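A look at the structure
The lines below spell out each chain.
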Amino acid sequence: MKITNEIINRHGINQDEYKKIVNLIGKKPNLLELGIFSAMWNEHCSYKSSKKYLKTLPTKNKIVIQGPGENAGIIDIGDNDALVFKIESHNHPSYIEPYQGAATGVGGILRDVFTMGARPIAILNSIHFGNSKHPKTKNLLNGVVSGIGGYGNCMGVPTVGGEVKFDSTYNENILVNAMAVGLVKKNKIFYSKAQGLNKPVIYVGSKTGRDGIHGASMASAEFNEDTDEKKPTVQVGDPFTEKLLLEACLELMKDDSIISIQDMGAAGLTSSSVEMASKGNLGIEINLNKIPCREKRMSPYEMMLSESQERMLLILNSGKENDAKKIFNKWNLDFSIIGKTTDTKNLVLKFDNKEVANLPLSSLSTQVPIYDRAWKKKLVPKKLNYSKSFKTHKIIDSLSKILNTPNNSEKNWVWEQYDSTVMGDTMQKPGGNAAVVRIHGKNKAVALTVDSSAHYCLAHPTTGGKQVVCETWRNLISVGSKPMAITNCLNFGNPEKDIIMGQFVECVDGISQACKYLDFPVVSGNVSFYNETQKNAISPTPTIGGVGLITDINNMITKDFKRIDSCIYVVGKTFGHLYQSEFFREVMGIKGGPPPEINLFNERNNGLTIQNIISQKLVNSVHDISSGGILVALTEMCINSNIGAKIKIPKDSMHENEYLFGEDQSRYLIEVSELNKNKVCQILEKESIYYELIGKTQESFLDLSKDFSISIKDLKKLKSSWFNNYFNEH
Amino acid sequence: MNSSVIVFPGSNCDRDIAVALKKFKFKNKMIWHNDANLPKTDLVVLPGGFSYGDYLRTGCIASKSKIIEDVIKHANKGGLVLGICNGFQILIETGLLPGTLLRNKKLKFISKNIFLKVLNVNNSFCLSYKKKNIITLPIAHNEGNYFVNDRLLKEIEDKNLVAFKYCDEKGNIDEDSNPNGSLNNIAGILSHKKNILGLMPHPERLIDPALSGQDGSLLFQSLLSSN
């Protein structure tokens, strides 16, 4: 078959790149080889536009065991326990086929975690949909939520948290980011780096079919009017097989049979074999006739580019093949010796006794092009004078309006479709500041959260990038944990455009600044570009998955008010910043202006002080103040506990709408018993932290001075009304 | 008390139940579905999960496993059998309990804590619920909508074989407190000899004060005290 320009183009490779390929391998590639390049050189696998900036992120400190570059990041949580975690996008497939797209997103991220020897203990996700009135939204939401549940529930791993957001920017490009967290013994971690010559290369798991061919390339291009025709590029998941694969792998990992192991994710057999061999500075030879195939007459091209799910590649110590085979047979999984490691530093593929591909591995790994793309700086938007009409909005009407929106409504409709209690260690379920999962059999726990703030990032990417890291940090602080590390999923439009590239560069800069300041390293992550359809790009949406450690589970705390007659304090200074707030967006319809500023000194100081107060058991409940401001946060503290509050806005402050709905950062609401009041105030004063008393808890009503009084029962109704109406249920 | 937990491909609450049994000092063994014989045991537990991926019909393929013949023998001799969630579905497919479990009324997976009323406390599984008969346990299932024909329904109700019904926090059993559409709010039933219990809620997930409740503990304490 002659390789025409059209064929090259269809593989997402431009003419310059093609010339570089010919140069690197000293020949014109055949179709299979071109397919392999297409799989390895696309944006999704190669990070060619992002690499330059990802390098600027802090990725190390004394708790980091493994930073970016492996299947997942790993941190040390003491007592020979280590936590393995990563977040990854599955945006493009989920828009084309929501159930399977989301399900295989969960499946893929779980494999990344158990590949390293860890048993997955929690799943989280961040999902973004278009405007709730967009004709596709309801179906996409339904499909994605069922897909996430369908896979995680069957695996028996609890889905413990996440976020669900709506905005018209995602009308044609939804986001599905899945995070998995696993637990491993520090001395039993497995890596993907191949070692040793002539070691058997083993294929285990499901058979290879024709699904998902070129999936990674599809995820590296914008959508157009033909998107609906791309269904065949979406993989189909089978969580049952994955559960068997998990148990079989963990069983095999008990001894020392495995030299290295890598799951077949994006770009399937191609990327797994290339990564393992090139990391070990070896060559690899594969006999494609040995690949277990689901369909007859599959070509080498299809086998190498299939993204069929639930497959793994292992390199075993010689002589361990039979014992390993027994384990996989017991679990009814395919096990096939497909090749060996070599010293050629080439990828050699054989089929029907012929060599069908031979490529230097370096051309697929270290020599992938890296781009320094043009980008544009975004200035901080001006604070335009807003009309004084904001004063005319009644507080209770504004609160009702904000709570009755898809973004601020209670998400039980979503959470209840996920098994959040299997494995018997879930201490805080979805809906709190952060999820909390106990380390099995121990007195410690991990706090987990996923956050994003696309509105802030769009308004000013650097500030937005900082803010989302701080939001994550604050959520982890608020449950009584010590923030440890993050994983990030960077969702953006087409990086070939300078505005989009600018959003990326500056968001990463913001993330980097905050992470460095807070000693909050990035240990894993993924970049998803080309979330763009017919010139409409999504708002920049970096999603941060954060992990914190609670060394004594008795120090865990929730946001629910605990008793009446306690004092309620706002910790951190309120300035009344309304630009980019829920109040402006949902009540006033104002979209412009800068996001709230982040002061990293205050962020850290306030956070560490709250941490100290929690560890001394001086507070009954803690909630960070974020989207919606003080009043929305107060509402959330009342709802589950059925305890209300009597609030009085401090004198001489700004207008009450600014005070109650402003989204100034680094603030917390705390509930303190009369008994501990003085101690808490002393600590806050000693650390020079601004705080003010705003009221006291009381029975079953939320009262605001003379303005309004609403029962917690009615608040609950308000908070749950939007989702219930949307699906016309309950 | 000796117990045996059967592990099927796709079981995923097998560890949770083993942890619970250990906590209450059962001498427990994990039994692979493909084994031919049960060890000497007082209690057999069929755990929750997605045995065989729920393919064909929930519990159906597992009910044809090699070990099931021995489980049926054990049950017929009066031995105790507990089926939780998928285990309940398997018990129904084996014919050890009557009826069927349909998809939830709203066709969605439901995972949440619900209230249950314990209606029969005179059996090995529920003795300890004499002191507390409105309890909280988590459910997590897609097919928990209990259905049976009128004649059998009358029979299990008349003979007091319904162990648990979904209710509200005050114990009212009505449509509002029925999460999945089960007939008469049925959440768990007993066999005629009351040696077999199948239930959708997960007692093994609420045995620890650190997880905000321990109403599940009473079930295990009942079993121990019945011995």
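We now turn to the structure provided with this report. Since this is a predicted model, take the numbers as computed values, not measurements.

Conventions used here
- Residues numbered from 1 in each chain as written.
- Chains lettered and ligands numbered in written order.
- Predicted model: local features only at pLDDT ≥ 70, side-chain atom pairs only at ≥ 80, totals over all residues.
- Pairing = 2+ DSSP bridges.
- Helix = DSSP H or I, 4+ residues; strand = E, 2+ residues; numbered from the N terminus.
- Axes fitted to C-alpha atoms, helices over the stretch in contact; angles between N-to-C directions.
- Left-handed = near helix turned anticlockwise from the far one by under 90°.
- Contact = placed C-beta atoms within 7 Å.
- Nonpolar A, V, L, I, M, F, W, Y, C, P; charged D, E, K, R; others polar.
- Buried ≥ 20, exposed ≤ 12 C-beta atoms within 10 Å, placed from the backbone.

Attention shifts here to the sheet that holds strand β2 (residues 73–76) of chain A. Residue and element names in this part refer to chain A. Taken in spatial order, the six strands make up an open sheet running β1-β2-β3-β6-β4-β5, and their pairing is mixed. In this open sheet, the two strands that pair with only one neighbour each are β1 (64–66) and β5 (159–166). Ignoring strand direction, the axes of neighbouring strands in this sheet form an average angle of 20 degrees. Taken together, the nine bridges between strand β3 (residues 81–89) and strand β6 (residues 175–185) define a ladder with antiparallel strand orientation. Bridge assignment links Ile87 to a residue of β6, and that residue is Met179.

All names here are of chain B. Relative to strand β7 (residues 134–141), strand β6 (residues 110–118) is paired through eight bridges, and the arrangement is antiparallel. In the sheet register, Asn113 faces β7, and the bridge partner there is Pro138. Across four bridges, β6 lies against strand β9 (residues 162–167) in antiparallel orientation. Along β9, the bridge assignment pairs Phe115 with Cys167.

The relative placement of two packed helices is expressed as an angle between their axes plus a distance between the axes. All names here are of chain A. As a packed pair, helix α7 (residues 98–114) and helix α8 (residues 137–155) sit with axes 7 Å apart at the nearest point and diverge in direction by 35 degrees. The element α7 and its partner α8 pack so that their crossing is right-handed. On α8, the residues that touch Pro98, Tyr99, Gln100, Gly101, Ala102, Ala103, Val106, Gly107 and Leu110 of α7 are Leu140, Gly143, Val144, Ser146, Gly147, Ile148, Gly150, Tyr151, Gly152 and Met155. Looking at side-chain class alone, the contact of α7 with α8 contains eleven nonpolar, eight polar and no charged residues.

Its place among the elements puts Asn322(A) in helix α13 (residues 321–330). Spatially, the C-alpha atoms of Asn322(A) and Leu384(A) are 72 Å apart, while their sequence positions differ by 62 residues.

Turning next to the interface of chain B and chain A. Note: interface size is frequently given as the accessible area lost on complex formation between the parts. Chain B puts 22 residues into the contact, and the matching count from chain A is 24 residues. Elements that contribute at least two residues to the side of chain B that touches chain A include exactly α1 (14–23), β6 and β7 of chain B. Top contributing element to the side of chain B that touches chain A by residue count: β6(B), with three residues. Here the residues of the side of chain B that touches chain A are counted per class, giving eleven nonpolar, five polar and six charged.

Residues and elements named next belong to chain A. Here Val160 lies in strand β5. Linking Val160 and Ala122, residues 38 residues apart in sequence, is a C-alpha distance of 6.3 Å. When residues no more than four places from it in sequence are discounted, the contact partners of Val160 are Ala122, Leu124, Ser420, Thr426, Lys429, Pro430, Ala435, Val437 and Leu448.

Residues and elements named next belong to chain A. The six strands lie next to each other as β14-β15-β16-β21-β17-β18, forming an open sheet whose pairing is mixed. The open sheet is flanked by β14 (426–428) and β18 (522–528), the only strands paired with a single partner. Taking the axes of each pair of neighbouring strands and ignoring which way they run, one obtains an average angle of 20 degrees across the sheet. As defined by bridge partners, strand β15 (residues 435–438) adjoins strand β16 (residues 445–451) across four bridges and the pair is classed as antiparallel. Residue Arg438 lies in a different strand from β16, and its bridge partner there is Ala445. Helix α17 (residues 461–478) rests against β16, β17 (482–491) and β21 (541–550) of the sheet, and its axis sits at about 25 degrees to β21.

Within the sequence span of helix α5 (residues 217–226) of chain B, burial applies to Leu218(B), Leu219(B), Phe220(B) and Leu223(B). Contact partners of the buried residues in α5(B): α1 and β3 (43–46) of chain B.

As a rule of thumb, non-glycine residues mostly have phi less than zero, and peptide bonds are mostly trans rather than cis. Residue and element names in this part refer to chain A. One non-glycine residue, Lys617, adopts positive backbone phi at about 55 degrees. Along the chain, Lys617 falls in the loop between α20 (600–615) and β23 (621–624). Positive phi outside glycine occurs at Asn642, with the angle close to 65 degrees. Mapped onto the elements, Asn642 comes out in the loop between α21 (629–639) and β24 (643–647). Of the residues examined, Asn642 has 15 C-beta atoms within 10 Å and is grouped as partly exposed.

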